[in-house]
Amino acid sequence: MKKLIFLLWISMLIAGCGKKESTPTPTGPTVPADAPRFKTHSIIVPAKLAASSDAHAQLVAYYMGLANALSASLPNYFLPPNLRKAVGSEGDGPWEYSWVEGEATITVKIKAVGDKYLWEVYYSGKRNDQAVTNWLGVRAEQAKNERSGSFTSFVPPGTTIAASFVWSLGAANELIFQVEAPSFMAGSRFTGQINTDHSGTLKIEQLVNGVFVLVQSFSWNADGSGSWIEYNGNVITAQGSWN
């Protein structure tokens, strides 16, 4: 049941960050043309896996679909709706711009630090029905070579982490990512790897007494076939495969 609620919560997070209010009203400088754009990568599984009727293959497809939708939506936090298809560019910064969306004034601050860019998003007004003033709701960073990045959102009006998304590209350009929701229910996270041929792995963990414990793992091939294992206290309780 907790797993289902966690997935529904992630779905709500995705919907929330892509939510469009009334037409945004700039309250400061518009988005600078030379400001960097936060970039994420597509998370794609083989078509055969996505179409499989096997329950475990479906679970993999669902988690990967959520991760892909979440990854694709993250840049929206840093741009008003009318600019959410902006083309990325580079500059030296720092940059700052604001707009009004719904009941909140949103201010984005970006700066270059060494070999990476840092983003911070501040809210004043209302965020998720909470009154906030210059509240830091999102922090993110990305390597200038775009081979790694992270995103963290917080629960208004404080500093408790709501969710985080971390990704990197390996030596063979495999995409490694992790989604974590420590503040929701008992906490949960899942870690995936997508290779260039769309084969991959997935591990699902649950927070138990302050420690993340592995509960399920999956691996699949480029043709969509794969295998699964279920655990209880690091002891394998069931395993199988799909074609």
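In this text, all values refer to a predicted model and were calculated from it rather than measured experimentally. (Residues numbered from 1 in each chain as written. Predicted model: local features only at pLDDT ≥ 70, side-chain atom pairs only at ≥ 80, totals over all residues. Heavy atoms only, no water.)

Undergrad: Even after reading the chapter, I still don't get the overall build of the protein, so can you show me in this structure?
TA: Secondary structure assignment for the protein yields 3 helices and 13 strands. Within the span of the protein, comprising 243 residues, buried residues form 44% of the whole. Long-range pairs, those at least 24 residues apart, make up 42% of the contacts in the protein between residues at least 6 apart in sequence. As displayed, the protein has an accessible area near 12100 Å², and 52% of this comes from carbon and sulfur atoms. (Helix = DSSP H or I, 4+ residues; strand = E, 2+ residues; numbered from the N terminus. Buried < 20%, exposed > 50% of the residue type's maximum accessible area, 1.4 Å probe, protein only. Contact = heavy atoms within 4.5 Å. Areas by Shrake-Rupley, 256 points an atom, 1.4 Å probe, with all protein chains shown as cover.)

Undergrad: Would you mind showing me how to read the nonpolar core here?
TA: Nonpolar side chains in soluble globular proteins tend to end up buried together. In this structure, Phe78, Phe177 and Trp220 are the most contacted members of the largest nonpolar core, which totals 48 residues. For this core, the element with the highest residue contribution is helix α3 (residues 55-73), accounting for 7 residues. When sequence neighbours within four positions are dropped, the list of residues in contact with Phe177 reads Ile43, Met64, Ala67, Phe165, Val166, Trp167, Phe190, Thr191, Gly192, Gln193 and Ile194. (Core = buried A, V, L, I, M, F, W, Y, C linked by side-chain atoms within 4.5 Å.)

Undergrad: Looking at this structure, how should I read the confidence of the model for the protein?
TA: For the protein, mean pLDDT is 84; residues scoring 70 or higher make up 81% of the total. Segment residues 15-22 is flagged for pLDDT under 50; beyond a separation of four residues in sequence, or across chains, it makes 13 contacts in the model. Between residues 84-89, whose pLDDT stays under 50, and residues either more than four places distant or in other chains, the model counts 15 contacts. (pLDDT = per-residue confidence, 0-100.)

Undergrad: What is the right way to read the pattern of salt bridges from this model?
TA: As a working rule, side chains carrying opposite charge can pair if their charged atoms are close by. For the coordinates displayed, the defined rule picks out 5 salt bridges. The closest approach of N and O atoms between Arg139 and Glu120, which form a salt bridge, is 3.7 Å. Of the two residues, Arg139 sits in strand β5 (residues 130-143) while Glu120 sits in strand β4 (residues 116-127), which places them 19 residues apart along the sequence. Overall, Arg139 belongs to the partly exposed group, its relative accessible area being 40%. For Glu120, a relative accessible area of 24% gives the class partly exposed. Among the ionic pairs, Glu180 bridges to Arg189, the shortest N-O distance being 3.7 Å. Both residues of the pair, Glu180 and Arg189, count as buried. If you follow the salt bridges from partner to partner, you end up with Glu180, Arg189 and Glu205 in one network. (Salt bridge = Lys/Arg side-chain N within 4 Å of Asp/Glu carboxyl O.)

Undergrad: Help me understand the packing of aromatic side chains in this model?
TA: How two aromatic rings sit relative to each other is given by the distance of their centres and the angle of their planes. In the structure shown here, the tally under the stated rule is 13 aromatic pairs. Ring geometry for Tyr77 against Phe151: centres 5.0 Å apart, planes inclined by 50°, an arrangement best described as tilted. Of this pair, Tyr77 sits in the loop between α3 and β2 (95-101) while Phe151 is found in strand β6 (residues 148-154), placing the two residues 74 residues apart along the sequence. Per residue, the accessibility class of Tyr77 equals that of Phe151, and both read buried. Seen in terms of ring centroids, Tyr97 and Trp99 are 6.2 Å apart; in terms of plane orientation they differ by 15°. Their pairing is stacked. (Phe/Tyr/Trp six-rings, centres within 6.5 Å; stacked < 30°, edge-to-face > 60°.)

Undergrad: Can you help me understand α3 in this one?
TA: Quick reminder: α-helices carry 3.6 residues per turn. Residues three or four places apart thus point the same way. For α3, with 19 residues, the first-to-last C-alpha span of 27 Å sits near the 27 Å given by 1.5 Å per residue. Of all the residues in α3, the buried ones are His56, Ala57, Leu59, Val60, Tyr63, Met64, Leu66, Ala67, Leu70, Ser71 and Ser73. Residue Asp54 occupies the N-cap position of α3, its side-chain oxygen lying 2.9 Å from the main-chain nitrogen of His56. (Expected span 1.5 Å × (residues − 1). Polar contact = N/O pair within 3.5 Å; in protein donor to acceptor, adjacent residues only side chain to side chain.)

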